[in-house]
Amino acid sequence: MKYKVLNLVGLFLGLSMNLLITFPSAKSAEALSLEYGIFSRTISVDSLDYLANTGKAKGTLKNIIKLTNQSEEEISKILNENFELPLVVTTKLMYSSIGKVIILRIAKIIHPKKIKDQSISIPAIRSGVIKGIVMGEGKINLIQFFKSYPNKTIAINIPALFKVLNKVESMSELIEFFSNSPLKGIQSTKTKI
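Presented here is an overview of the structure given in this document. (Residues numbered from 1 in each chain as written. Predicted model: local features only at pLDDT ≥ 70, side-chain atom pairs only at ≥ 80, totals over all residues. Heavy atoms only, no water.)

Turning to the overall build of the protein, a few remarks are in order. Scanning the protein from N- to C-terminus turns up 10 helices and six strands. Looking at the protein as a whole, 34% of its 193 residues are labelled buried. Residue pairs in contact within the protein that sit at least 24 positions apart in sequence constitute 62% of those at least 6 positions apart. Accessible surface, the protein: about 13200 Å² in total, of which carbon and sulfur atoms supply 61%. (Helix = DSSP H or I, 4+ residues; strand = E, 2+ residues; numbered from the N terminus. Buried < 20%, exposed > 50% of the residue type's maximum accessible area, 1.4 Å probe, protein only. Contact = heavy atoms within 4.5 Å. Areas by Shrake-Rupley, 256 points an atom, 1.4 Å probe, with all protein chains shown as cover.)

Given below as structure tokens:
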């Protein structure tokens, strides 16, 4: 009887190790899928990182930039723009009522490829932000967010993104708005352990 239990435990541990090796945990995003209705185009996060570091685009990204008459320098600047976000305050904001509303809206724009379920996309966004802030030591930029997003491919709904961008003149204006008003109340509250 004792040997049967030990054999079962050994079998269970062996199967568990096999599953861990076969199904590795989610790492970071490897690609962005730009979706416009039934059309989509995939860009690797590595090519975005290359553009952010060198100011020069390559491959599919270079073609998309040419087609859309964008500037490599301007996109590189956007990718590298750092936002200082205190980890504790940002976490409180993301779990507050206003934070949930903001993340729900963001989840309509950014979500794991082929999965629009809010129960998955909202934690993925929170995880990407928190891990990105930790990676950036209190600061985050788009590249850090992409590298921290816990899914292989991030889908970006272009029409939904344009709707938001038409309402806000700049990303820094959006961050400034959220960092000035609601964060003051959150910053003054004490953290409960």
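What follows continues from the structure just given.
The next point concerns helix H2 (residues 45-54). Val45, Ser47, Leu48, Asp49, Leu51 and Ala52 are the residues of H2 that are buried. The positive-phi residue at the C-terminal boundary of H2 is Gly55, with phi of around 80°.

What follows is about the packing of aromatic side chains. The full count for this structure, using the stated rule, is two aromatic pairs. Clustering of aromatic rings is evident, with ring pairs tying together Phe145, Phe146 and Tyr149. Here Lys58 stacks its cationic end above the ring of Tyr50, 4.4 Å away from the centre of that ring. Sitting over the ring of Tyr95, Arg126 keeps its end group 4.0 Å from the ring centre. (Phe/Tyr/Trp six-rings, centres within 6.5 Å; stacked < 30°, edge-to-face > 60°. Lys NZ or Arg CZ within 6 Å of the ring centre and 35° of its normal.)

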